[in-house]
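If you want the building blocks of each chain, they are given just below.
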Amino acid sequence: MKSRIYYTKPSITELEVRYATDAAANGWGDRCYEYIGRFEHAFKAHLGAEYAIATSSCTGALHLGMAALGIGPGDEVILADTNWIATASPIVHLGATPVFVDILPDTWCLNPAKVEAAITPRTKAIVAVHLYGNLCDMDALLAIGQRHGIPVIEDAAEAIGSVYHGKRAGTMGAFASFSFHGSKTMTTGEGGMFVTQDIDLYERVLTLSNHGRARGQTKQFWPDMVGYKYKLSNIQAAIGCAQMERIDVLIQRKREILAAYREALAGIDGISMNPEHPGTVNGAWMPTVVFNERTGITREKLQAALTAENVDARVFFWPLSGMEMFAPVRDNVHAWSIPGRAINLPSYHDMHDDELKRVIHVLVNCLPKA
């Protein structure tokens, strides 16, 4: 049997092992938050952001930020129908209602026109998810938010390395969340980051993130409100510190893999991939191929062909409105159509050229012969 090609795995070196070992052996007592502080500082410096709080997950960062914005029962939050459930879950947990709108056919991100049409007096926020490293039209979304007095949140879980007209993904909205899951460009195993430029929002989230204990509270074990516990461990942060020292290399390798797929598939009619519009840089977290409807290629055919060659691949996110816990929104045409003829491709950092060629060979052979 041919060797397994996984869709993703992290890049871990001796540096990550050394930092994690030090945190496990010595990161206690006075040093119990040392790597956490270092990680937060390195991450916000990389982004060009003012404030950052390390969290146990991107979902936790979203939950904290939304709670700090006052999102709650009776409110509505607009987001793309094409998403992982993690973007919608905090909205539901807070008692608000997710409002799913359609995506653009090229970036697979929020359609600004659909966003504006969905705004009601109950709309409390817009969540812009930079899907698979692709970038939302932030100029349009921020303008909509400003016109209606609605904050725009960036879910940048998949967009480390993506840049929008000179600004890194995650630095443009009211706040942003990032993911360091083991599948991401950089990892802490599990983990996330809350990022903002707003000092007041930062302080509210900092309090909420520490069981409701304000930074200036002098009474020991005295919470000022009911908060949450979404703290990243010092050992996880140590791995994050090592990854931050290698971040440019990690991003560049992801971009090289996407470029290799693009070059090999360029000029083949009926195939499109992650776009990189003028003025943007795609962080290339997850190279994705979408087949035109006229090719007759389906998700199931792609999965079967890749499985036959021992290649692991992920399905394109299903429309959230297609899941039984939500009401269907079938006029979200692209969100319902694209997943049935798309696949996420393998793109781990130490992927070899022959492995890339194997994946490309499967894709090309799926196409109807002339």
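Residues numbered from 1 in each chain as written. Predicted model: local features only at pLDDT ≥ 70, side-chain atom pairs only at ≥ 80, totals over all residues. Heavy atoms only, no water.

The condition that has to hold: UniProt positions are given in the numbering used here, feature names are shortened, and annotations may be inferred rather than shown by experiment.
Named according to an unreviewed UniProt entry, the protein is DegT/DnrJ/EryC1/StrS family aminotransferase originating from Castellaniella ginsengisoli. Under the UniProt heading Sequence similarities (unreviewed entry), the note attached to the protein is "Belongs to the DegT/DnrJ/EryC1 family."

## Side note on helix H4 (residues 85-93)
Operational definition: Relative accessibility under 20% of the residue-type maximum defines a buried residue, over 50% an exposed one, and the middle range a partly exposed one, all with a 1.4 Å probe and only protein chains included. Secondary structure elements are defined from DSSP: runs of H or I of at least 4 residues count as helices, runs of E of at least 2 residues count as strands, and each element is numbered from the N terminus. Residue contacts are defined here by distance: any two heavy atoms, one from each residue, within 4.5 Å place the two residues in contact.
All of the buried residues along H4 are Ala86, Thr87, Ala88, Ser89, Pro90 and Ile91. Looking at the packing, one finds that the buried side of H4 touches helix H3 (58-68), strand S2 (76-80), strand S3 (97-101), strand S4 (123-129) and strand S5 (152-155).

## Thoughts on the pairing of strand S8 (residues 175-179)
Note the cut-off: Only strands joined by at least two bridges in the DSSP assignment are considered to pair.
Within S8, 5 of the 5 residues are buried, which leaves it mostly tucked inside the rest of the structure. Sheet topology places S5 next to S8; 3 bridges connect them, and they run parallel. Note on S8: the bridge partner recorded for aspartate 155 is serine 177. Pairing of S8 with strand S9 (residues 192-196), which is carried by 4 bridges, proceeds in the antiparallel orientation. By the bridge assignment for S9, serine 179 is matched with glycine 192.

## What about the packing of aromatic side chains?
Rules: Two aromatic rings, drawn from Phe, Tyr or Trp (for Trp, its six-membered ring), form a pair once their centres lie within 6.5 Å of each other, and the interplanar angle then sorts them: stacked below 30 degrees, edge-to-face above 60, tilted otherwise. In this scheme, the term charge over a ring applies when either NZ of a lysine or CZ of an arginine sits within 6 Å of the ring centre and within 35 degrees of the ring normal.
This structure, assessed with the given rule, holds 15 aromatic pairs. Judged by centre distance (5.4 Å) and plane angle (80°), the ring pair of phenylalanine 43 and phenylalanine 180 falls under edge-to-face. With a gap of 137 residues between them, phenylalanine 43 in helix H2 (residues 34-47) and phenylalanine 180 in the loop between S8 and S9 connect regions that are remote in the sequence. Each member of the pair phenylalanine 43 and phenylalanine 180 is classed as buried. Here the aromatic residues Trp84, Trp108, Tyr132, Trp285, Phe316 and Phe317 are joined through ring pairs into a cluster of three or more. The ring centre of tyrosine 348 lies 4.6 Å from the NZ or CZ of lysine 9, which sits over that ring. Sitting over the face of the ring of tryptophan 222, lysine 219 holds its NZ or CZ atom 4.1 Å from the ring centroid.

## Thoughts on the packing of H3 against helix H7 (residues 199-209)
Our working definition: Each axis is a line fitted through C-alpha atoms, and for a helix only the stretch in contact is used; angles between axes span 0 to 180 degrees, taken between their N-to-C directions. By definition in this entry, angles of less than 35 degrees are roughly parallel, angles greater than 145 are roughly antiparallel, angles of 65 to 115 are roughly perpendicular, and the rest are oblique. By convention, the crossing between two helices is left-handed when the near helix turns anticlockwise from the far helix through less than a right angle, and right-handed when the turn is clockwise. Each residue is assigned to one class: nonpolar for Ala, Val, Leu, Ile, Met, Phe, Trp, Tyr, Cys and Pro, charged for Asp, Glu, Lys and Arg, and polar for all the others, Gly among them.
Remark: H3 packs on H7, axes separated minimally by 9 Å, with the N-to-C direction vectors making an angle of 120°. Viewed along their axes, H3 and H7 adopt a mutual orientation that is oblique. Crossing of H3 over H7 shows right-handed handedness. Along the contact surface, H3 presents Leu64, Gly65, Ala67 and Ala68, while H7 presents Leu201, Arg204, Val205, Leu208 and Ser209. Grouping the constituent residues of the contact of H3 with H7 by class yields 6 nonpolar, 2 polar and 1 charged.

## Concerning the side chain of threonine 82
Here threonine 82 shows up in the loop between S2 and H4. Overall, threonine 82 belongs to the buried group, its relative accessible area being 1%. Excluding its chain neighbours within four sequence positions, the residues that come into contact with threonine 82 are Ile103, Trp108, Leu131, Phe316, Phe317 and Ala335.

## Things to note about the UniProt feature "modified residue: N6-(pyridoxal phosphate)lysine" (unreviewed entry) in the protein
According to UniProt, the "modified residue: N6-(pyridoxal phosphate)lysine" (unreviewed entry) feature falls on Lys184. For lysine 184, the contacting residues outside a window of four places in its chain are Ala157, Glu158, Ser179 and Trp285.

## Here's the deal with the sheet that holds strand S13 (residues 314-315)
The 4 strands are arranged S10-S12-S14-S13 in an open sheet whose pairing can be described as antiparallel. Either end of the sheet is taken by a strand with one partner, and the two such strands are strand S10 (271-273) and S13. As paired strands, S13 and strand S14 (residues 342-344) are joined by 2 bridges and run antiparallel to one another. Its bridge partner being in S14, arginine 314 is matched across the sheet by asparagine 344.

## What about the pattern of salt bridges?
Let me state the cut-off plainly: One speaks of a salt bridge when a side-chain nitrogen belonging to Lys or Arg is within 4 Å of a carboxyl oxygen belonging to Asp or Glu.
Summed over all chains, the structure comprises 14 salt bridges. Where aspartate 312 meets arginine 4, a salt bridge forms, and the shortest distance between an N and an O atom there is 3.8 Å. Placement of aspartate 312 in the loop between helix H10 (299-308) and S13 and of arginine 4 in the segment before helix H1 (14-26) is noted, with a sequence separation of 308 residues between them. Assessed through its relative accessible area of 34%, arginine 4 is described here as partly exposed. With its nearest N and O atoms 3.0 Å apart, the salt bridge here joins arginine 299 to glutamate 300. Since its relative accessible area comes to 11%, arginine 299 is described here as buried. Classification of glutamate 300 by relative accessible area gives partly exposed; the value is 44%. Look at the salt bridges and you will find they share partners, linking Asp22, Arg31 and Glu34 into a network.

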